[in-house]
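Chain by chain, the residues run as shown.
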Amino acid sequence: MVTIKHAVGIDISKDSFDAQFAVAGEAQEQRYVATAQFRNNPVGFQKLVRWVKKLVGSSTAPLWFVMEATGVYHELLAYYLAEQNYRLAVVLPTKMKNYVKSLDIKSKTDRLDARAIAQFGLERVLQPWQPPSAQLRMLKALVREYDAAVEQVTKIKNQLHAKHHSYRPAPQVLARLRAQQRLFETQMNAIEEEIHALLQDDDDLHARIRNITSADGVGFMTAVRVVAETNGFALITNAKQLASYAGLDVRIKQSGLRSGKPSISHRGNSNLRRAVFMPALAAARFNPALRCFYLRLVRTKANKMVALVAVARKLLCLIYALWRNNSPYQRNYSALAIT
């Protein structure tokens, strides 16, 4: 068999990862040569590279490493391989899951998952992964820290509300809760200032965020959340894929005479989904095009929550279009055209 492509499928977890080395021939035949497990640390990465080099031998066929974007566990290995100038493809989990379903694999193990990822690497045209810039990595860290502080402030406010409506709340307890609230609010302000300073140091990123916030109903933190959670839409090629990544894609259940209610999948990046859900309320009020879209859905479906979720999806796609086109929002251009 004349080898035309090598693929190393990697199924990664917190402490270790399974690797499947596979080759494809000129007649589209596939051969799965070897599997191995390595630790998810620099020593394991070095062992992986030595193992792959030994299997490739003197072949000059292209070599691809393929893995899923599994939270943060894949990042160390992805950056290591990128620094070593290897071809690397990082695939969205939803895309890989749909591919695995087509294989009709009845069992699920880490080794079988690695084999399926390797098969994907052999069969598909792969897009090389590019590490996000240092600014985007820092932006994502700051945004998540900011959201954690917001969550703590919300919890404290709820506790204060409950204490104020209880019988004779202890003054010292109230004082400590107010002190905690002030602390987290101070941190929120400091983090937001750091985000502004970070954007000022990157002219292109700052300009793109400014274009996004030119849309009615899109605030500054909404824009930076979406950009940070998608790493500047690095793995996104179209709006449909973006909606799926956020878990805002529609899931329909129908079999024979039975037909369930359509709903969103809720599969994907929950942080990204939350980033546009509450702003969708503002967009449905203050963005003329999205307000018309919302009212039309309410009239036809008589369900405000369904309409609000649809606005959130449309808002996310609008942000993506403004980022992709690198241009400010045009009110005379209907947001309904963004799909």
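Above this note sits the structure.
Reading the values: the criteria
Residues numbered from 1 in each chain as written. Predicted model: local features only at pLDDT ≥ 70, side-chain atom pairs only at ≥ 80, totals over all residues. Heavy atoms only, no water. Helix = DSSP H or I, 4+ residues; strand = E, 2+ residues; numbered from the N terminus. Buried < 20%, exposed > 50% of the residue type's maximum accessible area, 1.4 Å probe, protein only. Phe/Tyr/Trp six-rings, centres within 6.5 Å; stacked < 30°, edge-to-face > 60°. Lys NZ or Arg CZ within 6 Å of the ring centre and 35° of its normal. Contact = heavy atoms within 4.5 Å. Polar contact = N/O pair within 3.5 Å; in protein donor to acceptor, adjacent residues only side chain to side chain. Salt bridge = Lys/Arg side-chain N within 4 Å of Asp/Glu carboxyl O.

Draft legend 1. How the structure looks around unusual backbone geometry. Of note, Gln28 is a non-glycine position whose phi angle comes to about 65 degrees, a positive value. Position of Gln28 among the secondary structure elements: in the loop between strand E2 (16-25) and strand E3 (30-39). By relative accessible area, which is 70% here, Gln28 ends up exposed.

Draft legend 2. Expanded view of the packing of aromatic side chains. Counting across every chain of the model gives nine aromatic pairs. Between Tyr99 and Phe120, the aromatic rings sit 5.1 Å apart at their centres with planes inclined by 80 degrees, giving edge-to-face as the arrangement. Separated by 21 residues along the polypeptide, Tyr99 in helix H3 (residues 93-102) and Phe120 in helix H4 (residues 110-123) bring together distant segments of the chain. Summarising the burial analysis for this pair, Tyr99 and Phe120 share the class buried. In this structure an aromatic cluster arises from ring pairing among Phe17, Phe38, Phe45, Trp51 and Tyr80. Across the ring face of Tyr32, the terminal group of Arg115 is positioned such that the distance to the ring centre comes to 3.8 Å. Stacked on the ring of Phe293, the Lys or Arg Lys314 has its end atom at 5.0 Å from the ring centre.

Draft legend 3. Quick look at helix H8 (residues 220-229). Most of H8 sits out of view: nine of its ten residues are buried. The inward-facing, buried residues of H8 abut helix H5 (134-164), helix H6 (171-200), helix H7 (203-213), helix H9 (239-245), helix H10 (270-286) and helix H12 (304-325). Two residues or fewer after H8 comes Asn231, characterised by a positive phi angle close to 50 degrees.

Draft legend 4. Region of the structure containing the environment of Asn271. Topologically, Asn271 is positioned in helix H10. When its relative accessible area of 26% is taken as the criterion, Asn271 is described as partly exposed. Separated by 127 residues in the primary sequence, Asn271 and Arg144 place their C-alpha atoms 8.7 Å from one another. Other than its neighbours up to four places away in sequence, Asn271 contacts Arg144 and Glu229. A polar side-chain atom of Asn271 sits 2.4 Å from a polar atom in the side chain of Arg274.

Draft legend 5. Quick look at the pattern of salt bridges. One pass over the full model with this rule turns up seven salt bridges. One salt bridge connects Glu151 with Lys155, and the closest N-O pair in it is separated by 3.8 Å. One end of the pair is Glu151 and the other is Lys155, both in helix H5 and four residues apart, which spans about a single turn. Across the pair Arg208 and Asp204 runs a salt bridge, and its minimum N-O distance is 3.1 Å. Linking Arg208 with Asp204, this pair stays in helix H7, spanning four residues, or about one helical turn.

Geometry only, nothing functional implied.
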